[in-house]
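# Reading the structure
If you want the building blocks of each chain, they are given just below.
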Amino acid sequence: MIRAYIALGSNLEAPAQQLQQALSALDDLADTRLVACSSFYRSPPMAGMDQPDYLNAVAAIDTSLAPLALLDALQGIEQQQGRERHTRWGARTLDLDMVLYGDQAIEHERLTVPHYGMAERAFVLIPLFELAPQLTLPDGRQLATLLAQCPPQTLFIR
């Protein structure tokens, strides 16, 4: 089993319910077990988009699914919960991003792990830190250092 961290976000159609349903779906995945979930955090949309605030969290899972199989499963959960992909950083019922997959660095046309934008996103770093404060990324960077260097962003615990 590999420990993976999944970032969850929603700002449409009852975001708290969307995240709860996604957590249940993660726990129901074959060869996967939900280990923990951070608190839920409210954050403004990226890039000043005119849309509702997001509710974000990070889940820790143990899985024996290969990275691309896990990605396919995450995208399946998004689709089951009504995700439509129209605009980059657009409003969504559910967004599931694989932030980390064990200690692996993955560069694939469909998947980059560690997640390419995590170092600039407090809505990922803070919930991840809540779950794994001593975490070291595959490139040797400490999560605590990334968090300290992250541009200031307003988050509210829900």
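Residues numbered from 1 in each chain as written. Predicted model: local features only at pLDDT ≥ 70, side-chain atom pairs only at ≥ 80, totals over all residues. Heavy atoms only, no water.

## Side note on the pattern of salt bridges
This is how the line gets drawn: Note on definitions: salt bridges are taken to be side-chain nitrogens of Lys or Arg within 4 Å of carboxyl oxygens of Asp or Glu. Strands here are runs of E lasting at least two residues and helices are runs of H or I lasting at least four, both read from the DSSP assignment and numbered beginning at the N terminus. Burial classes: relative accessible area under 20% of the type maximum marks a residue as buried, over 50% as exposed, and values in between as partly exposed (1.4 Å probe, protein chains only).
According to the stated counting rule, one finds six salt bridges in the structure shown. The shortest N-O distance in the salt bridge between Asp 53 and Arg 42 comes to 2.8 Å. Taken as a pair, Asp 53 in the loop between β3 (41-43) and β4 (54-63) and Arg 42 in strand β3 lie far apart in primary sequence, 11 residues in all. We classify Asp 53 as partly exposed; its relative accessible area is 32%. Through salt bridges with shared partners, a single network forms among Arg 3, Arg 33 and Asp 62.

## A look at the confidence of the model for the protein
Rules: The pLDDT score gives, residue by residue, the confidence of the prediction method on a 0 to 100 scale.
Within the protein, residue pLDDT values average 92, and 94% of them lie at 70 or more. Put simply, strand β8 (residues 156-157) is where the protein has its lowest mean pLDDT, 80, and strand β2 (residues 32-37) is where it has its highest, 98.

## Brief notes about the pairing of β4
Regular strands show a simple pattern: their side chains alternate between the two faces of the sheet. The condition is simple: Following DSSP output, two strands are said to pair if at least two bridges run between them.
β4 sits mainly inside the fold: 10 of its 10 residues count as buried. Alternating positions in β4 separate into two faces, Tyr 54, Asn 56, Val 58, Ala 60 and Asp 62 on one and Leu 55, Ala 57, Ala 59, Ile 61 and Thr 63 on the other, with burial throughout. In this sheet, β4 lies alongside strand β1 (residues 2-10) in antiparallel orientation, the contact comprising nine bridges. Pairing of Ala 4 across the sheet is with Ile 61, part of β4. Across five bridges, β2 lies against β4 in antiparallel orientation. In the sheet register, Thr 32 faces β4, and the bridge partner there is Thr 63. In terms of strand pairing, β3 meets β4 through three bridges, oriented antiparallel. Within β4, the position partnered with Arg 42 by the bridge is Leu 55.

## Notes on the pairing of β1
By the criterion of burial, β1 is predominantly enclosed, with seven of the nine residues buried. Pairing of β1 with strand β5 (residues 95-101), which is carried by six bridges, proceeds in the antiparallel orientation. Looking at the pairing, Leu 8 lines up with Leu 96 of β5.

## Remarks on unusual backbone geometry
Cis geometry is found at the peptide bond from Val 113 to Pro 114, where omega equals 0°. As for its placement among the helices and strands, Pro 114 is situated in the loop between β7 (111-113) and α3 (122-131). For Ala 14, which is not glycine, the phi torsion reads 60° and is therefore positive. On the accessibility criterion, Ala 14 (38% relative accessible area) is partly exposed. Notably, Asp 31 is not glycine yet its phi reads approximately 55°, a positive angle. Looking at the element boundaries, Asp 31 is found in the loop between α1 (15-28) and β2.

## Focus on the side chain of Gln 18
Looking at where Gln 18 falls in the secondary structure, it is placed in helix α1. Assessed through its relative accessible area of 5%, Gln 18 is described here as buried.

## Comments concerning the nonpolar core
Most often, soluble globular proteins keep nonpolar side chains buried together rather than apart. Defined as follows: Joining through side-chain atoms within 4.5 Å is the link that ties buried Ala, Val, Leu, Ile, Met, Phe, Trp, Tyr and Cys residues into a set, and such a set is a nonpolar core. Note on contacts: a residue pair is in contact if any heavy atoms of the two residues lie within 4.5 Å.
One finds Leu 8, Leu 70, Ile 77, Leu 96 and Met 98 to be the most contacted residues of the largest nonpolar core, which totals 28 residues. For this core, the secondary structure elements donating two or more residues are β1, α1, β4, α2 (67-80), β5 and β7. If you tally residues by element for this core, the top one is α1, at six residues. Not counting residues within four places of it along the chain, the set of residues in contact with Leu 96 comprises Ile 6, Ala 7, Leu 8, Ala 22, Leu 74, Ile 77 and Glu 78. The next biggest cluster of nonpolar side chains, apart from the first, holds 21 residues, and it includes Leu 100, Phe 123, Leu 128 and Leu 135.

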